[in-house]
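A structural walkthrough
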Amino acid sequence: MTTQQDSAGAAARSAQDHPALEWPARAGMFAYGVVYLIVAWLGAQIVLGQRSGSASGEGALRELSQQPLGAVALWFVAVGLAALTVWQACRAVGGHRSEDGARLWLARAASAGRGVVYAILAFLAVQTATGGGGGGGGTGGVTADLMRQPFGQALVAAVGVGIVGLGGFSVFKALTDRWRKGLDPVPDTVALLARAGYIGRGASFFVIGGLFVWAGITHDAGKSGGLDQAIVRFRDVALGPWLMLVVVLGLACYGAFHMVRAFYLRGS
């Protein structure tokens, strides 16, 4: 079994470092950053009351599809994110060689998790490019489905706690510079962008997770939601718009960092 694992790891590392995968993966990382920038732009417009669109990955892809050459851009995003998914899968199988023991398996599990996120975005990009999607019941519908299950309130609250936990880990990465793993040395300006971005993403997870916890406690699925619903809820609260603008600015930094990050990726 160990020999098979070693063989699979070697094959994964070879594929991961091959230019045929490396450069499309870099393009995918750049595209991922663009998606986050659009999400931040949509969020800022909602804060300012200029639109009621969806400040989400799916909403960003729909916005991209409406631009000149939007279909071409969507296919570029889809192919790049698909390559990035495969690249992260290779890291999950044979990457993170500088780690050992439990830290190795945690790092590989994190790569697998990121791969799932990229795969979902790639699927949504293809769906949007081919004219599909856009229907869904939204976060509130998913929450209502959970609420109808046994211990539904606890499940919804647990989802919220999990999202808050992801936000905490994002802030932890910012403060400890763990985002540097897998990158060549970066300039101080890029480091500042990364820290602001991870803190901004963490703040958005805190808000979204808090809404889920609130929905679970009050048994009201309508109180949960994504970033756009959070912005609407906080928009009329004292200092709420300023807080939300800081959050979307952080998300813009997160997107910009990933666009730059594409040029500093390394395979280890």
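The coordinates are above.
Quick summary incoming for the structure in this document. All values derive from a computational prediction rather than experimental measurement. (Residues numbered from 1 in each chain as written. Predicted model: local features only at pLDDT ≥ 70, side-chain atom pairs only at ≥ 80, totals over all residues. Heavy atoms only, no water.)

A few words on the pattern of salt bridges. Under the definition given, this model contains four salt bridges. Salt-bridge contacts for R26 lead to E22; the nearest nitrogen and oxygen are separated by 2.7 Å. Pair noted here: R26 and E22 are both in helix α2 (residues 19-47), with a separation of four residues, about one helical turn. Note on R26: relative accessible area 11%, which makes it buried. Where R62 meets E58, a salt bridge forms, and the shortest distance between an N and an O atom there is 3.6 Å. You can see R62 and its partner E58 sitting in helix α3 (residues 57-65), four residues apart, about one turn around the helix. Under the relative-accessibility criterion, E58 is labelled partly exposed at 29%. (Salt bridge = Lys/Arg side-chain N within 4 Å of Asp/Glu carboxyl O. Helix = DSSP H or I, 4+ residues; strand = E, 2+ residues; numbered from the N terminus. Buried < 20%, exposed > 50% of the residue type's maximum accessible area, 1.4 Å probe, protein only.)

The next thing to look at is helix α8 (residues 188-218). The terminal C-alpha atoms of α8 lie 45 Å apart, and with 31 residues this matches the ideal 45 Å at 1.5 Å per residue to within 8%. Trailing α8 by a residue or two, H219 shows a phi angle of about 55°, which is positive. (Expected span 1.5 Å × (residues − 1).)

This paragraph deals with the nonpolar core. Ranked by internal contacts, the top residues of the largest apolar core, which has 60 residues, are V77, L81, W179 and L227. Of all the elements, α2 adds the most residues to this core, at 14 residues. Not counting the four nearest positions on each side in its chain, V77 is found in contact with A31, V35, L61, L64 and A125. (Core = buried A, V, L, I, M, F, W, Y, C linked by side-chain atoms within 4.5 Å. Contact = heavy atoms within 4.5 Å.)

As a packed pair, α8 and helix α10 (residues 240-261) sit with axes 7 Å apart at the nearest point and diverge in direction by 130°. Looking at the two axes, α8 sits oblique to α10. Considering only the axes of α8 and α10, their crossing is left-handed. On the side of α8, the interface is formed by V190, L193, A194, A196, G197, Y198, G200, R201, A203, S204 and V207, while α10 contributes M244, V247, G250, L251, C253, Y254, A256, F257, H258, V260 and R261. (Axes fitted to C-alpha atoms, helices over the stretch in contact; angles between N-to-C directions. Parallel < 35°, antiparallel > 145°, perpendicular 65-115°, else oblique. Left-handed = near helix turned anticlockwise from the far one by under 90°.)

Phi angles above zero are rare outside glycine, and L69 is one such case at about 60°. The class for L69 is exposed, based on a relative accessible area of 66%. Although it is not a glycine, D177 sits at a positive phi angle of roughly 60°. Looking at the secondary structure, you find D177 in the loop between α7 (152-176) and α8.

Structurally, the position occupied by S54 is in the loop between α2 and α3. By relative accessible area, which is 22% here, S54 ends up partly exposed. Along the primary structure S54 and G43 are separated by eleven residues, whereas in three dimensions their C-alpha atoms are 8.0 Å apart. Each residue touching S54, except ones within four places of it in the same chain, is listed here: L42, G59, A60, R62 and D228.

Considered for burial, the residues of helix α9 (residues 227-235) that qualify are L227, D228, A230 and I231. All buried residues of α9 fall inside an arc of 160° around its axis, so they share one side. In the core, the buried residues of α9 are packed alongside α2, α8 and α10. (Arc of directions from axis to C-beta.)

This part covers the side chain of S170. By secondary structure assignment, the location of S170 is in helix α7. In this structure the side chain of S170 is engaged in a polar contact, spanning 2.7 Å, whose partner is the backbone oxygen of Y198. (Polar contact = N/O pair within 3.5 Å; in protein donor to acceptor, adjacent residues only side chain to side chain.)

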